[in-house]
Protein chains: 2
Amino acid sequence: MDKLKIGIIGLGTVGCGVYKALQNIENVEIVKIAVKNINKPRPVDVPPEIITDNPYDLINNPSIDVIVELIGGVNPALEYLETSIRNGKHIVTANKELLAKCGEEIFNLAEQYNRVILYEAAIAGGIPIIMPIKTILAGNKINKIQAILNGTTNYILTKMDTDGASYETVLKEAQELGYAETDPTGDVEGFDAMYKITTLSTIAFKKRIKLENVYREGITKIRKEDMEKANELGYKIKLIANATIDENDNADVRVHPMLVSKKSMLAHIDYVTNAVAISGHPIGNIVLSGPGAGEFPTASSVIGDILAIASEFGKTDYLLPMMRCNHTSKANPVNIDDTYNKYYISITAPNAIGIIAKIGTICANKNISLSSIVQKGVSDDNTADITVITEECLERLIKEVVNELSDCTINSIIRVAD
Amino acid sequence: MDKLKIGIIGLGTVGCGVYKALQNIENVEIVKIAVKNINKPRPVDVPPEIITDNPYDLINNPSIDVIVELIGGVNPALEYLETSIRNGKHIVTANKELLAKCGEEIFNLAEQYNRVILYEAAIAGGIPIIMPIKTILAGNKINKIQAILNGTTNYILTKMDTDGASYETVLKEAQELGYAETDPTGDVEGFDAMYKITTLSTIAFKKRIKLENVYREGITKIRKEDMEKANELGYKIKLIANATIDENDNADVRVHPMLVSKKSMLAHIDYVTNAVAISGHPIGNIVLSGPGAGEFPTASSVIGDILAIASEFGKTDYLLPMMRCNHTSKANPVNIDDTYNKYYISITAPNAIGIIAKIGTICANKNISLSSIVQKGVSDDNTADITVITEECLERLIKEVVNELSDCTINSIIRVAD
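This is a predicted model, so every value here is computed, not measured. Residue positions within a chain follow its written sequence, with the count starting from 1. Chain letters start at A and ligand numbers start at 1, both assigned in the order the entries are written. Thresholds applied to this predicted model are a pLDDT of at least 70 for local features of residues and 80 or more for the giving and counting of side-chain atom pairs; totals over whole chains, interfaces and linings are not thresholded and use all residues.

Residue and element names in this part refer to chain A. Two strands form a pair only when DSSP identifies at least two bridges running between them. A helix here means a DSSP run of H or I that spans at least four residues, while a strand means a run of E at least two residues long, and both kinds are numbered starting from the N terminus. Spatial ordering of the open sheet is given by S3-S2-S1-S4-S5-S6, a layout of 6 strands whose pairing is parallel. Each end of this open sheet is capped by a strand with a single partner; those strands are strand S3 (51-52) and strand S6 (117-118). Here 2 bridges tie strand S2 (residues 28-34) to S3, and the two strands are oriented parallel to one another. Note on S3: the bridge partner recorded for Ile33 is Ile51.

Looking now at the sheet that holds strand S4 (residues 66-69) of chain B. Residues and elements named next belong to chain B. Reading across from one edge, S3-S2-S1-S4-S5-S6 is the order of the 6 strands in this open sheet, with parallel pairing throughout. Single-partner strands in this sheet number two, and they are strand S3 (51-52) and strand S6 (117-118). In this sheet, S4 lies alongside strand S1 (residues 4-9) in parallel orientation, the contact comprising 4 bridges. Across the sheet, the residue bridging to Ile6 is Val66, located in S4.

Turning our attention to the relation of the copies chain A and chain B. Here the copies were fitted onto each other by least squares, based on C-alpha atoms from residues at pLDDT of at least 70 in both. Aligned on chain B, chain A shows an RMSD of 0.0 Å; the corresponding rotation is 180 degrees and the shift along the axis is 0.0 Å. Accordingly, the operation relating the two chain copies is best matched by a two-fold axis. Proximity to the rotation axis, assessed at the C-alpha, singles out Leu288 of chain A in chain A; its C-alpha lies 2.2 Å from the axis. By the convention adopted here, residues make contact when the C-beta atoms placed from their backbones lie within 7 Å. Comparing interface residues between copies, 100% of those in chain A also lie at the interface in chain B; the contact surface is shared.

In this section: the pairing of strand S16 (residues 384-390) of chain A. All names here are of chain A. To assign burial, the other C-beta atoms lying within 10 Å of each residue's own C-beta are counted, with C-beta atoms placed from the backbone; 20 or more indicates buried, 12 or fewer indicates exposed, and intermediate counts indicate partly exposed. For S16, the tally of buried residues reaches 6 of 7 residues, placing the bulk of the element in the interior. With 6 bridges connecting them, strand S14 (residues 340-349) and S16 associate as antiparallel partners. Residue pairing in the sheet places Thr348 in a bridge with Asp385 of S16. Summarising the sheet, strand S15 (residues 370-375) and S16 pair through 5 bridges and their orientation is antiparallel. Residue pairing across strands places Leu370 opposite Thr390, the latter belonging to S16.

Once that is clear, we can look at the interface of chain A and chain B. The interface of chain A with chain B comprises 42 residues on the first partner and 42 residues on the second. Counting residues per element, the ones that place at least two in the side of chain A that touches chain B are helix H1 (13-22), helix H5 (130-134), strand S12 (284-291) and helix H11 (295-312) of chain A. The biggest single contributor to the side of chain A that touches chain B is H11 of chain A, with 10 residues. Amino acids are sorted into nonpolar (Ala, Val, Leu, Ile, Met, Phe, Trp, Tyr, Cys and Pro), charged (Asp, Glu, Lys and Arg) and polar (every other residue, Gly among them). When grouped by side-chain class, the residues that make up the side of chain A that touches chain B number 24 nonpolar, 15 polar and 3 charged. When S12 of chain A meets strand S12 (residues 284-291) of chain B, the two strands line up antiparallel, connected through 3 bridges. When the sheet's bridge partners are listed, Ser289 of chain A is paired in S12 of chain B with Val287 of chain B.

What follows is about the nonpolar core. In this structure, Val18, Ile197 and Ile306 of chain A together with Val18, Val68, Ile197 and Ile306 of chain B are the most contacted members of the largest nonpolar core, which totals 281 residues. With residues near it in sequence (within four places) discarded, Ile306 of chain A still touches Leu4, Ile6, Val28, Val66, Val68 and Val92 of chain A. A set of buried residues qualifies as a nonpolar core if it consists of Ala, Val, Leu, Ile, Met, Phe, Trp, Tyr and Cys joined through C-beta atoms within 7 Å.

Moving on, we come to the domain arrangement of chain A. All names here are of chain A. Residue ranges labeled as domains rest on an automatic or database domain assignment. When its domains are assigned, chain A resolves into domain 1 (4-124 + 295-323), domain 2 (130-291) and domain 3 (339-416). Its C-alpha centre places domain 2 at a distance of 26 Å from the equivalent point of domain 3. Taken together, the 13 residues of domain 2 in the interface contact 11 residues of domain 3. If you list the elements that add at least two residues to the side of domain 2 that touches domain 3, you get helix H10 (224-232) and strand S10 (250-261). Sorting elements by how many residues they give to the side of domain 2 that touches domain 3 places S10 first, with 5 residues.

It is worth spelling out unusual backbone geometry at this point. In this chain, His281 of chain A is followed by Pro282 of chain A through a cis amide linkage whose omega measures 10 degrees. Structurally, Pro282 of chain A is set in the loop between strand S11 (273-281) and S12. For the peptide bond that leads from Asn75 of chain B to Pro76 of chain B, omega is 10 degrees, which places it in the cis range. With respect to the helices and strands, Pro76 of chain B occurs in the loop between S4 and helix H3 (77-86). Of note, Tyr271 of chain B is a non-glycine position whose phi angle comes to about 55 degrees, a positive value.

So this is what it looks like as structure tokens:
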């Protein structure tokens, strides 16, 4: 059998993992690897003749069948991939940002040139999720995803919970351990999870979700006091990527912290582990969990994609039809103000007397039911520390409640998962 | 596009679920359905002209491309499937017993006739597991599976735990609710899970595992006292299907109750939910969980398999190469006596005085370390109730320990998961 010939762009952590793991795979040959700096020391022993600092040595090489893109970011990756597709190459990529921002154009281009783009590694690292959704779950109407898609933030939240430490303390420790980057914005502000849920919900719902319609909040405002209160009430706080679609194709897709019940699986997904809970018909509910990042788990997914192409390569027919992602119909976006949620609200009231009654009245006037309200003592300065959890209500109304509590300090508002 | 033409043998719970779900699938046509009793009332409205009580109306029908077998058991299913394959049909089946007992012959026959047998529904119901292992995880060397594969026993054990009830009480309740059959042997003695782990470990390890080499124990001897003690020590008791393989292809495959740490994911898989934990390289550890049985989840898997065939049907090339299961090389069996495990042992000693010293000495003489030993008071009759958890040691030696404690009553011995 002819070997599948691949070119790899990028030889960082994931690239090295892919290189190592491919040494055991017989039917795949690495023809060329493009890197930024040829002389940089690397933990793998790559023959110098296959290394280049010019990606076009791969992209324009007619003997290469598949380009494996592992550099991330939109530029110059987009140009590399578009030219590769035009040159007749299939694509394997781990680039979540590119897929979220340019998915529509690049999948359409691939279709035009009859090439596939596989990207299992881009979403939830090693967890098998894209290929299962596209193949064995293909008969389902999936209408809900609830997922932990970012290992850095899940690590920080887990450590805040177990150590009773502040966000700042744990972030510093995570940076020292290499779990968070020097500029952690992409992770802690939820961009990474937002990119992932954009593509994941697109393929699960079979409707294109636009990145600009995905609501996003990060974890930087979560206080250790919120962790403690959530715990007392039977919850953990997680950064959750949420996506739902109704029968009229209204898609509500977002990333923000949530209180999740300790009875749910997601509450037990700790440290850098990721998990994806999917609901649909006829499947019901499933949860897939595993390592969301790292050299080897990500390599597992990249290699799975390469082997899928290898298994069908050389066939004259349309390759891997189930894995195509050129979804043309779009979902209708839902504004976050128009969504229904339960809310955890931490309030410091200037005057303890009558405050419970006031909160109760403001909520009752807007038809908002309270599921629990806890006031713990009264401080020496006569302020009161109050924690409220509401029943499901409109986000717009909760914003009005907060405005009407203008004499109180609202310490935190965090949505609560069902 | 031509529709894929299928024949369904069996229209019980799963068959009805498949029938209903296929109504929404455009590119698949149900040509014929074979049932035992045409006149039996069913919850689906099937046109009478496509119903027959002769399976050979399907098997010998040249217009049918795929036989979907949903009757279970070896006879007559084996003959139906063999004839279907010889007649050039692909197979989709949910028949775990047939695959475990006759997997080798039937997969070889399918290969000989260049046909595929897909069976996602046979193992862990709706959880995507077979197709992910065969496709996106194909680059991995999987060396360990730890799974909850039987919903009935997991329901019983969960209820025993939450209600503090005996096995007999909960079994009766489960039978009344339809979660357990009138003759529950297949589930409670571990046969169902044994069939599933036989096939699951075969495809995960890429070595054929023989059913006769799979060790099996059921849950009928688990006492509510064991549940309580396990809980106190930080464990839950689950019926676990275990499979490991070492670098010399020695495969240790078995089904038996185990104490699993409350810190593990499997401890939180409750009621009829199933879960499969897989370890390998480069993936690391992943856990897939979801509904292990039921009309709709099982239908999801059957339909996923049908759609996989539909997606490639009509191609002139070798169909779905990654999904082939004709593993020729065999694993070496490992005798349970030669395995290393941790053990929970519940002992009633006739005489409290000196018994701890005696147990300690017997274990020490065999180089068995104890991880915990708890004696709770002394009864009026001077007997002592003692719970021991050992460190990892050889099964053969634990049997010797039990023999040497011949003056004690051994209430339970249950293996403990790492």
